[in-house]
Amino acid sequence: MRKLAAAGIAVLALISWTLTSCQREKRELRAAPVRRAIYGDAARQSELQPGGPQTEPQVTNPDHANAWSISEGQRLFEWYNCVGCHSHGGGGIGPPLIKKHWIYGGQPANLFDTIVKGRPNGMPAWGGRIPEYQVWQIVAYVRSLAGEQPFAATPVRTDELEQKPTTIHNKVQGETR
Amino acid sequence: MHGVRTRQLRLSTLFLMAPAIAQIQNQPDDGQWPMPAKNYASTRYSTLDQINTGNVKNLKLAWTFSTGMTRGHEAAPLVVNNTMYIVTPFPNVLYALDLTKPGAPVKWEYQPHPSPASQGVACCDVVNRGAAYYNGRVYYNTLDVHTVAVDANTGKEVWNTKLGDINLGESMTMAPLVVKGKVIVGNSGGEFGVRGWLAGLDADTGTIAWRAYATGPDKDVLIGPNFKPFYESERGKDLGVKSWQGDTWKIGGGPGWSWISYDPGLDLIYYGTGNPGPWNPDMRPGDNKWACTLFARRPETGEAIWAYQLNPHDVHDYDGINENILLDLNIKGQTRKVLAHPDRNGRMYIMDRTNGQVITAEPFAFLNTSEYVDLNTGRLKVNTAKVTGFKTVRDICPAAPGGKDWQPSSFSPKTNLIYIPHNNLCMEFQGVQANYIAGTPYVGANVRMYAGPGGNRGEVSAYDPVNAKTVWAVKEDFPAWSGTVVTAGDVLFYGTMDGWFKALDDRSGNLLWQFKAGSGIIGQPVTYKGPDGKQYVAVLSGVGGWAGAVVAGGINTQDGTAALGFANAMTDLGKHTTKGGTLYVFALP
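Values in this document were obtained by computation on a predicted structure and should not be read as measured data.

Moving on, we get to the packing of helix α3 (residues 67-79) of chain A against helix α6 (residues 132-145) of chain A. Residues and elements named next belong to chain A. Axis separation between α3 and α6 bottoms out at 7 Å; the angle between their running directions is 95°. Looking at the two axes, α3 sits roughly perpendicular to α6. For the pair formed by α3 and α6, the contact residues are Trp68, Ser69, Ile70, Glu72, Gly73, Gln74, Leu76 and Phe77 on the first element and Gln134, Gln137, Ile138, Ala140, Tyr141, Val142 and Ser144 on the second.

All names here are of chain B. Scanning the model with the defined rule gives two disulfides over all chains in all. Disulfide partner of Cys123: Cys124, at an S-S distance of 2.1 Å. One disulfide, between Cys123 and Cys124, carries an S-S torsion of -105° and so falls in the left-handed class. Take Cys123: its relative accessible area is 26%, and that puts it in the partly exposed class. Its relative accessible area of 13% is what places Cys124 among the buried residues. One disulfide in the model links Cys397 with Cys426; its S-S distance is 2.2 Å. Its torsion about the S-S bond being 110°, the disulfide of Cys397 and Cys426 is classed as right-handed. Residue Cys397 is located in the loop between β25 (392-396) and β26 (410-412), and its partner Cys426 is located in strand β28 (residues 425-431); the two are separated by 29 residues in the primary sequence. One exposure class covers both Cys397 and Cys426, and it is buried.

For the rest of this paragraph, the subject is helix α4 (residues 545-552) of chain B. All names here are of chain B. Most of α4 is tucked away: eight of the eight residues are buried. If you check which residues of α4 are buried, you get Gly545, Trp546, Ala547, Gly548, Ala549, Val550, Val551 and Ala552. Residues of α4 that are buried make contact with β29 (445-451). At the C-terminal side of α4, Gly554 shows a positive phi close to 55°.

Residue and element names in this part refer to chain B. Read across the sheet, four strands follow the order β15-β16-β17-β18 without closing on themselves; strand pairing throughout is antiparallel. Each edge of the sheet is formed by a strand with only one pairing partner; in this case those strands are β15 (261-263) and β18 (304-309). Neighbour-to-neighbour, the strand axes of this sheet turn through a mean angle of 20°, independent of strand direction. Where strand β16 (residues 268-272) meets strand β17 (residues 293-297), four bridges bridge the pair, whose relative direction is antiparallel.

Further remarks concern the pairing of strand β12 (residues 182-186) of chain B. Walk down a regular strand and you will see the side chains alternate between the two sheet faces. Residues and elements named next belong to chain B. Across the five residues that make up β12, a large majority, five, are buried. Burial along β12 is two-sided: the residues Lys182, Ile184 and Gly186 and Val183 and Val185 are all buried. Of the strand pairs in this sheet, strand β11 (residues 177-179) and β12 are connected by three bridges, and their pairing is antiparallel. Directly across from Leu177, in β12, lies its bridge partner Ile184. Between the end of β11 and the start of β12, which pair antiparallel, lie two residues, with Lys180 showing a positive phi angle near 45°. By the bridge criterion, five bridges tie β12 to strand β13 (residues 197-202) in an arrangement that is antiparallel. Its bridge partner being in β13, Val185 is matched across the sheet by Ala199.

The rules behind these values
- Residues numbered from 1 in each chain as written.
- Chains lettered and ligands numbered in written order.
- Predicted model: local features only at pLDDT ≥ 70, side-chain atom pairs only at ≥ 80, totals over all residues.
- Heavy atoms only, no water.
- Axes fitted to C-alpha atoms, helices over the stretch in contact; angles between N-to-C directions.
- Helix = DSSP H or I, 4+ residues; strand = E, 2+ residues; numbered from the N terminus.
- Parallel < 35°, antiparallel > 145°, perpendicular 65-115°, else oblique.
- Contact = heavy atoms within 4.5 Å.
- Disulfide = S-S within 2.5 Å.
- Buried < 20%, exposed > 50% of the residue type's maximum accessible area, 1.4 Å probe, protein only.
- Pairing = 2+ DSSP bridges.

Bear in mind that shape data such as this cannot, by itself, settle questions of function.
This is the structure:
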């Protein structure tokens, strides 16, 4: 009887352990840390290709360019203080992100690398700090700043201080560098 | 007979002037420029008078020097022993130029190789405000929080001391002051939640003799039994802890990126601390001592003698780091040892520097954020309608860079006027949640700036410190972000962000001469006697800094909040100037 009870407790414990670990497993699957190596390191930084052009590894943002990930990316851009150095895309300490011409490349894989590995002149290396799926959401948002995402998926309104027209000193609009 | 009479006259004028010579503003002057503010009293006044109001119109370019760098050039060139010393913005190269040879060729060059990553923690461009010469060495700070000592003759590094950590958001941009064998330096990082400090280093060895924090318990702030502040509100134990909630003082700011002055008679140094962090004041209830505070300390020990908080519980990023000009003035029939401090909050504080009492605190710039300073309690009466927090407040004047920012004023003992280069900016401010991640900005505010009343974004004015009023003011389209220098020739020099280097009559403000430089001027002009006995005027051009980040940092002004909101006020700067650092030196033909 005692033996049976002990076995029962053991089974119950095993079941509950499997259940919780299943949930954990789910989360980890989502984070898929192995992708960093595949996507990030393949990002090409130079247009020059010795011995002629090679096929560029196709890297797509696994979170796709949907409204959910872009708006999550926008939230995370504030949350991780990207906004402190890049403002709302216009730049400050860091370069502007509303632009077409990137120092380190504007493809999703380049942006992923920029965020995870950092860049020498003051861009922090966020690898190990921001979960990978969130990095992709931020990538999606950063690309939306440069108008590289489907218009329909891009958030209409940002949460920043709204512009009061009378206080714009000189209306230089639509400028992209 | 005639001769005798003149001599008698001279003697009597000398006699009349005798008490004046004892005044701290009448500093000895050998025609050199050994520290950014020229002298310990920080007057930026030169007794050279070859260039004067009558002949300044003939001023011509003598020679130039390119730094090859494109960020903001805020430093003052130094001139000692016929050598000119220039510190560049990051990577903080130190050049020594030989003034005895035609065209002033490079004598030597010293490269400290600061960490490139430090550029990420420089809130407002990777500027440097210059070096200080002392006993055969040149001392200055690098962006990555090192202080270095370089042999003035050989350019060899004598010592190099690391004082802080960029991974805590610390950087260094200020110019040291060397007093009694101590190199006094402080950190930057008020936008990164640093814990502010000022430190005294042994000039011989570079070892840290003392460090005075701006927040925390009295023992860290170097407040002891000799601390005697004038006002009740500054008295009490451990106010640097008690005026904060919990342990937020540990990331509370109050950085020491300040100008420092020294009174040898009283043996006191004077400096102010920067803003508390984050900008959003609702995140840090309390007075937030000792941010935005003027301190008087002993140079050898750092011991605090008095303190006065200019902006308790700062709600507008009004750092207290601006210059303190030391003057002995006759106020209401009494000779008062004062310091003149034009604060970010737009008021000119004339204070008794022996004890920290406010004598007057009248506006020198347009403001609506405060009503007055209560002279009994010393407390600033804040306009509650302009208090920021978790909300949006509009039409706040002055804006975050203040009535004036770091750009230093000068004082002429001939005119008894203070020449203030300043801003005319207002802002809208939206407080948001700030998330502390060490090494990243800790601000919690979206800001947008724009020109104040009148539409001009800057002004240079002459302020009478005895009668506490502005005597004349000249409007500038852009913020007047360069220092001023004034001479015995009654000429006032300064530069503008659109690249004009100007000479004004110091009594009227009339423009006498101007020269268009290659890039906007945000540096500190100096004047010196060359080896040929001629008077020269020198200034670095090279737009940038917080105000010029729009050009130097290639900001996209579609986002008005860029560069902490300065972008919005400067959208047209790129039409007036481009970037690039060049030294210009002028002389009469």
